[in-house]
Amino acid sequence: MRAENGVRLLADAIFLTVEISCKTDRITPLMTYRNIETLSWIGGCNGSLKMIDQTLLPAELKEITCKDAETVWEAVKKLRVRGAPAIGIAAAYGVCLGLQTLPDNADLPAFKARLDEVAAYLATSRPTAVNLFWAIDRMKAKAESLFESKSAAEIREALFAEARSIHEEDRQICRAIGKHGQMLIQNGSAWLTHCNAGGLATADYGTALALFFAAAESGKTIRVFADETRPLLQGARLTAWELMQRGIDVTLICDSMAALVMRQGKIDGVAVGADRIAANGDTANKIGTYGVAVLAKAHGIPFYVAAPVSTFDLTLADGSGIPIEERGADEICEGFGKRTAPDGVRVYNPAFDVTPAALITGIITERGIISPVSGKNIAAMLSPV
Ligand code: MRU
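To start, this report covers the structure provided alongside it. Computed from a predicted structure; not experimentally measured. For every chain, the first residue of its written sequence is number 1, and the numbers climb from 1 along that sequence. Local features are withheld for residues below a pLDDT of 70 in this predicted model, meaning they are given only at 70 or higher, and side-chain atom pairs are given and counted only at 80 or more; totals for whole chains, interfaces and linings count all residues. Side-chain descriptors were evaluated using all non-hydrogen atoms of the structure, hydrogens and water having been removed beforehand.

1. Remarks on helix H4 (residues 130-146)
Over its 17 residues, H4 extends 25 Å from the first C-alpha to the last, a length consistent with the 24 Å expected when each residue adds 1.5 Å. Only protein chains enter the calculation, and the probe is 1.4 Å; a residue is then buried if its accessible area is under 20% of its type maximum, exposed if over 50%, and partly exposed in between. Elements are defined by DSSP. Helices are runs of H or I of four residues or more, strands are runs of E of two residues or more, and each kind is numbered from the N terminus. Buried residues of H4: Val-130, Asn-131, Leu-132, Ala-135, Ile-136, Arg-138, Met-139, Ala-143 and Leu-146, and no others. Here the expected length of a helix is defined as 1.5 Å per residue gap, with one fewer gap than residues.

Laid out in structure tokens, this is it:
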């Protein structure tokens, strides 16, 4: 059963803000995860940031507490928190933590200098996901709008409120993506996903995985195949775990098996997240996504990207300008404690790739679905409402 192509929904302002109970009969009693948030802020402006340490999953579900910008930076760099929207939220809170080092009576020049310093520092944590820079820029823009009229202390409070808004808005955005995207999913169909674009990668609920959660909540039976996602296994460690936590039927496969399962007719659609989408629709996402898109095209399977509007980078005409993070050789040679390659071997480890817009059936945003994917349709969907 194939999902329908070419659906385009106009922007609508209805956000689903309430938790809808799952209508599938496969809800696992192990719901621990749902009581622990991917990110949570404890206290007021002088509080701290808690986050699930995703490097420990699925063996351990543990939170760490960040009391300064340095700990947030390290958590983003080491992928304790990962996924484009989640690192944007973490960075916004990181700005708040960085400003806590200012004395209570700091004047505006000292405040501005510290804000610039913290923002520039957090921006060096990871290069590809534009949501990180989007969130930092939004925090800076908020501060700048208040420099004329407010004291440093008041601006600090306003920035804390802004970080809270970024966090809360992401919850609503994910629900809206799920609401739009689930219409593409037919009852009884099977979908493939790559990496983790779920609640762990966002405030809650996810982008690509939101389609599956919303479809299940609307009473549809679905099956998901999760690529394990070498080298850091976000698909195996995080997506398979998260889907099981939420009672979705999931089958884990190695990345190299995607071609076969498509050929065998087991896949009706592909849904993935995004780290940065250029003005023409070229999309950066976890390494291996491009290969999945090529395979989907070869097998006539629709390939969807699910992402918030904040993941678009309209300053880039196409995907060739997207900075691709390169990570250390150890992730490939001894990823999880066991050496699996000869000492001294040369390694190339790009963490993301770019899928050309021509391979993407549609992009699901909180405002609706962009399909066909073109610069014109993207500009129309993103134009101010
Ligand atoms: O390196 P990661 O784990 O941060 O990569 C994450 C992805 O590629 C996700 O698919 C993307 O950020 C979208 S998350 C909603």
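2. Examining the site of the ligand
Not every one of the 19 residues close to the ligand is listed here, only the nearest: Arg-82, Arg-126, Asp-275, Asn-285 and Lys-286. In this structure, an oxygen atom belonging to the ligand sits 3.0 Å away from a main-chain N or O atom of Gly-83. N or O atoms within 3.5 Å of each other form a polar contact, as long as, within protein, one can give a hydrogen and the other can take it, and as long as residues adjacent in sequence are counted only when both atoms are side-chain atoms. At a separation of 2.8 Å, an oxygen atom of the ligand approaches a polar side-chain atom of Asp-275. Only the protein chains shown count as covering a residue, and every accessible area follows the Shrake-Rupley method with a 1.4 Å probe. For the ligand, the accessible surface in isolation is 410 Å², of which the surrounding protein chains cover 99%. Where the shell around the ligand is concerned, the elements lending two or more residues are helix H2 (84-99) and strand E9 (283-286). Residues belonging to the shell around the ligand are distributed by class as follows: eight nonpolar, seven polar and four charged. Start and end positions for the domains come from either an automated domain assignment or a database one. When residues are assigned to domains, the shell around the ligand turns out to be shared by domain 1 (3-174) and domain 2 (177-382), each giving three or more. Here a residue is considered near a molecule or strand provided that any single heavy atom belonging to it is located within 4 Å of it. Any residue that is not Ala, Val, Leu, Ile, Met, Phe, Trp, Tyr, Cys, Pro, Asp, Glu, Lys or Arg is counted as polar, Gly included; the first ten are nonpolar and the last four charged.

3. Let's talk about the side chain of Thr-355
Following the sequence through the fold, Thr-355 ends up in strand E12 (residues 352-355). Here the side chain of Thr-355 touches Tyr-290 through a polar contact of 3.5 Å, landing on its backbone nitrogen. Two residues form a contact once any of their heavy atoms are found within 4.5 Å. Beyond its immediate chain neighbours, meaning those up to four positions away, Thr-355 contacts Gly-281, Asp-282, Thr-283, Thr-289, Tyr-290, Ala-293, Phe-303 and Ile-360.

4. Comments concerning the packing of helix H5 (residues 152-181) against helix H6 (residues 208-217)
Viewed as axis vectors pointing N to C, H5 and H6 meet at an angle of 65 degrees, and their least axial separation amounts to 8 Å. Classed by the angle they form, the pair H5 and H6 counts as roughly perpendicular. Two packed elements cross with a definite hand, and for H5 against H6 that hand is right-handed. Within the contact between the two elements, H5 uses Cys-174, Arg-175, Ile-177, Gly-178, Lys-179 and Gly-181 and H6 uses Ala-210, Leu-211, Ala-214 and Glu-217. Lines are fitted to the C-alpha atoms to define the axes, a helix being fitted only along its stretch in contact, and any angle between axes, read from their N-to-C directions, falls within 0 to 180 degrees. When describing relative orientation, an angle under 35 degrees is termed roughly parallel and one over 145 degrees roughly antiparallel, while 65 to 115 degrees is termed roughly perpendicular and anything else oblique. Throughout, a crossing is termed right-handed when the near helix is turned clockwise from the far one, and left-handed when it is turned anticlockwise from it by less than a right angle.

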